[in-house]
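Secondary and tertiary structure notes
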Amino acid sequence: MKKVIYLGVFLGLAVSVATAVLAGVNSITAPLIAQAQAEAFREAVEMAFPNADSFSVVAGYEDTWSGYTVQVIEVLEGGERVGFVYDQSVPGFGGPIHHIVGIDNYGVFTNFYVIFHSETPGFVDVIFQDDWVNRIVGLHAGSSYYIDAVSGATATTAPIIRGLVGIYHDFVERR
Amino acid sequence: MSNQVSPTETVNVPTTKYNYKALLTDGILKENPVFKYMLALCPALAITSNTFNSFGLGIITLIVLVTTNTAISIIGRFVPNEIRIPIYITVIAVAVTIMEMLTHAFMPALFSALGLFIALVVSNCLVLGRAEAFASKNSVVASFCDGLGNGLGFLFAMIVLGFFRELLGTGAIDFDGIFGFRLFPQEYAIPLFIQPMGAFATLGVIVGITASVSILKNHKKTQKKGA
């Protein structure tokens, strides 16, 4: 019995030390990670409308069509609305895929930028590289039904496409 | 049987004379963990679709191997034998989680590309294998050298696989914009090589070549001895 208690205490101490070390490192890296994500978000929004001078959140909702979380940012240039930026999270194969989508007044996608995903590397390399993304940028939102899925990674591409269609539905109402 | 360690005893480090040069270099070619022992095949097959990602995971695994081998060699003699595996896994998990946090904070692009595979280094059989088979029974310096040698071997295997797969699959090498070149136009590339099936084909060919070289060398040695 004494032995079991000794082993339990030893294991407990080891885990406590491990937790303390991880908490210490996390306190250093967490602000840097948050800062980098905020920076990536700002860059993605600015990339969608490089000449815009004002971005303001106008809505946040769960899309009834796709079921995904969406935040809508209105973009102004010289006091005139030039389009919207959608901050969307869709459920991928390995977890949420968080992306930023720009759409101008004519309904053309101006940017598609993935901020974070947990998809299996190797299988999804082709999706987040330029070739597939470039099929979205410049496309009219009404044609997003015709973006090809990628064989072997349909669980990743299908929810992204559903999300884009959801954005189009919202855009039509908002316009 | 008299030399067997009882469950409640801790392990005594033997006072062996080590061949440090062999510990550092054998893992790279002669005893390469991937090409000879087929260890750590999961990341070696899944991540190596391009050279930069292969290099990134290779470096992370190298750092984890060196730190865990050294740490386990230091604490190994104080750890009760029956809970040694949970303790080793805790040490490995801490090292991997720290590397994951640092990569996320300082190299977000690499973190995003490698994703789950950084966390999966915890279950890399090479890391736990070296901890249990070598670090827990040998001196700190020898364990450090063993970790470094095997880590360099894994890094070498990752780079070789990544290099050939990217080159044949895209016709070019792009090391995250730091350097790169195009060997032939993209229309002549074979995309199969950057697909999962290409990973098995490339690994198979490389393992075949290394095994043939090893057999030829052994054959020559036997012939010399015979003469």
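Heads up: these notes are all about the structure in this document. None of these values were measured; they are calculated from a predicted model. (Residues numbered from 1 in each chain as written. Chains lettered and ligands numbered in written order. Predicted model: local features only at pLDDT ≥ 70, side-chain atom pairs only at ≥ 80, totals over all residues. Heavy atoms only, no water.)

Topic: the overall build of chain B
We apply this condition: The helix count covers DSSP runs of H or I at least four residues long, the strand count covers runs of E at least two residues long, and both are numbered beginning at the N terminus. Each residue is placed in one exposure class: buried if its accessible area under a 1.4 Å probe, protein chains only, is under 20% of its type's maximum, exposed if it is over 50%, and partly exposed if it falls in between. Only heavy atoms matter for contacts: two residues are in contact if any of them lie within 4.5 Å across the pair. Residue-level accessible areas treat just the shown protein chains as cover; the underlying method is Shrake-Rupley with a 1.4 Å probe. Counted charges follow a simple rule, with Lys and Arg positive, Asp and Glu negative, and His plus the chain ends left uncounted. The atom standing in for a charge is NZ when the residue is Lys, CZ when it is Arg, CG when it is Asp and CD when it is Glu.
Looking only at helices and strands, chain B has nine helices and two strands in total. Taken from N to C terminus, the helices and strands of chain B fall in the order α-α-α-α-α-α-α-α-β-β-α. Counting only C-alpha atoms, chain B reaches 65 × 60 × 25 Å along its principal axes. Here chain B holds 227 residues, and the buried ones make up 45% of them. Excluding contacts between residues fewer than 6 apart, the proportion of contacts in chain B whose partners are at least 24 apart in sequence is 75%. When the accessible surface of chain B is summed, it comes to about 11500 Å², and 70% of that surface belongs to carbon and sulfur atoms. In chain B, 15 side chains carry a positive charge and 11 a negative one; their mean positions are 15 Å apart.

Description of the interface of chain A and chain B
Accessible area lost upon the coming together of the parts is a frequently used measure of interface size. Defined as follows: Two parts placed together each lose some accessible area; with a 1.4 Å probe, that loss summed over both constitutes the buried area. Residue type decides the class: Asp, Glu, Lys and Arg count as charged, Ala, Val, Leu, Ile, Met, Phe, Trp, Tyr, Cys and Pro as nonpolar, and the leftover types, Gly among them, as polar.
Contact with chain A, which involves 22 residues of that partner, is made by 29 residues of chain B. Both faces considered, chain A and chain B share a buried interface measuring about 2100 Å² in area, 76% of it formed by carbon and sulfur atoms. Broken down by element, the residue count for the side of chain A that touches chain B peaks at 15 residues, all from helix α1 (residues 2–48) of chain A. Within the side of chain A that touches chain B, the residues separate by chemical class into 14 nonpolar, six polar and two charged.

Description of the packing of aromatic side chains
Each aromatic ring pair is described using two quantities: the centre-to-centre distance and the angle formed by the ring planes. Stated precisely, the cut-off is as follows: Ring pairs are drawn from Phe, Tyr and Trp, using the six-membered ring of Trp, whenever the two centres fall within 6.5 Å, and their geometry is named by plane angle: stacked under 30 degrees, edge-to-face over 60, tilted for the rest.
Tallied over the full model, the rule gives nine aromatic pairs over all chains. Summarising the aromatic geometry, the rings of Phe-84 of chain A and Phe-171 of chain A are spaced 6.3 Å apart at their centres and angled 80° between planes, so their arrangement reads as edge-to-face. Linking Phe-84 of chain A in strand β3 (residues 80–91) with Phe-171 of chain A in helix α4 (residues 154–174), this pair joins segments that are 87 residues apart in sequence. Note on Phe-171 of chain A: relative accessible area 1%, which makes it buried. The structure contains a cluster of three or more aromatic residues connected by ring pairs, namely Phe-52, Phe-55, Phe-175 and Phe-179 of chain B.

Considering the packing of helix α3 (residues 51–75) of chain B against helix α4 (residues 84–106) of chain B
All names here are of chain B. Operational definition: For helices, the fitted line uses only the C-alpha atoms of the stretch in contact; every axis is such a line through C-alpha atoms, and the angle between N-to-C directions lies from 0 to 180 degrees. Should the near helix be turned anticlockwise from the far one by less than a right angle, the crossing is left-handed, and should it be turned clockwise, the crossing is right-handed.
For the pair α3 and α4, the least separation of the axes is 10 Å and the interaxial angle reads 145°. Between α3 and α4 the crossing geometry is right-handed. Between α3 and α4, the residues in contact are Ile-60, Ile-63, Val-64, Thr-67, Thr-68, Ala-71, Ile-72 and Ile-75 and Ile-87, Tyr-88, Val-91, Ile-92, Ala-95, Val-96, Met-99 and Thr-103, respectively.

Describing the sheet that holds strand β2 (residues 69–77) of chain A
Residue and element names in this part refer to chain A. Cut-off, in case you're wondering: Two strands are said to pair when DSSP picks up at least two bridges between them.
Taken in spatial order, the five strands line up as β1-β2-β3-β4-β5 in an open sheet, and their pairing is antiparallel. In this open sheet, the two strands that pair with only one neighbour each are β1 (54–62) and β5 (109–116). Across the sheet, the axes of successive neighbouring strands diverge by a mean angle of 20°, strand direction being ignored. The sheet contact formed by β1 and β2 spans eight bridges and is antiparallel. Following the sheet pairing, Val-57 is matched in β2 by Ile-73. Sheet contacts for α1: β1, β2, β3, β4 (96–104) and β5; angle to β5, the most-contacted strand, approximately 170°.

Some details on the environment of Thr-51 of chain B
Residue and element names in this part refer to chain B. Tracing the sequence through the fold places Thr-51 in helix α3. Linking Thr-51 and Asn-69, residues 18 residues apart in sequence, is a C-alpha distance of 26 Å. Setting aside its immediate chain neighbours within four residues, Thr-51 contacts Ile-159, Gly-162, Phe-163, Glu-166, Ile-173 and Phe-175.

Looking at the pattern of salt bridges
All names here are of chain A. Rule in force here: A side-chain nitrogen of Lys or Arg and a carboxyl oxygen of Asp or Glu constitute a salt bridge if their distance falls within 4 Å.
With the rule as written, the count across this model stands at six salt bridges over all chains. The salt bridge partner of Arg-81 is Glu-74, with a shortest N-O separation of 4.0 Å. Among the residues examined, Arg-81 registers a relative accessible area of 27% and is labelled partly exposed. Salt bridges linked by common partners bring Glu-39, Arg-42 and Glu-46 together as one network.

What to know about a positive patch on the surface
All names here are of chain B. Stated precisely, the cut-off is as follows: For patch detection, residues must exceed 30% relative accessible area and be free of salt bridges, and they are connected within 9 Å for like charges or within 5 Å for nonpolar side chains (Val, Leu, Ile, Met, Phe, Trp, Tyr).
A cluster of basic side chains, namely Lys-30, Lys-217, Lys-221 and Lys-225, defines a positive patch on the protein surface. Within the secondary structure, Lys-30 is located in the loop between α1 (20–25) and α2 (41–46). On the basis of relative accessibility, which here comes to 57%, the residue Lys-30 falls in the exposed class.

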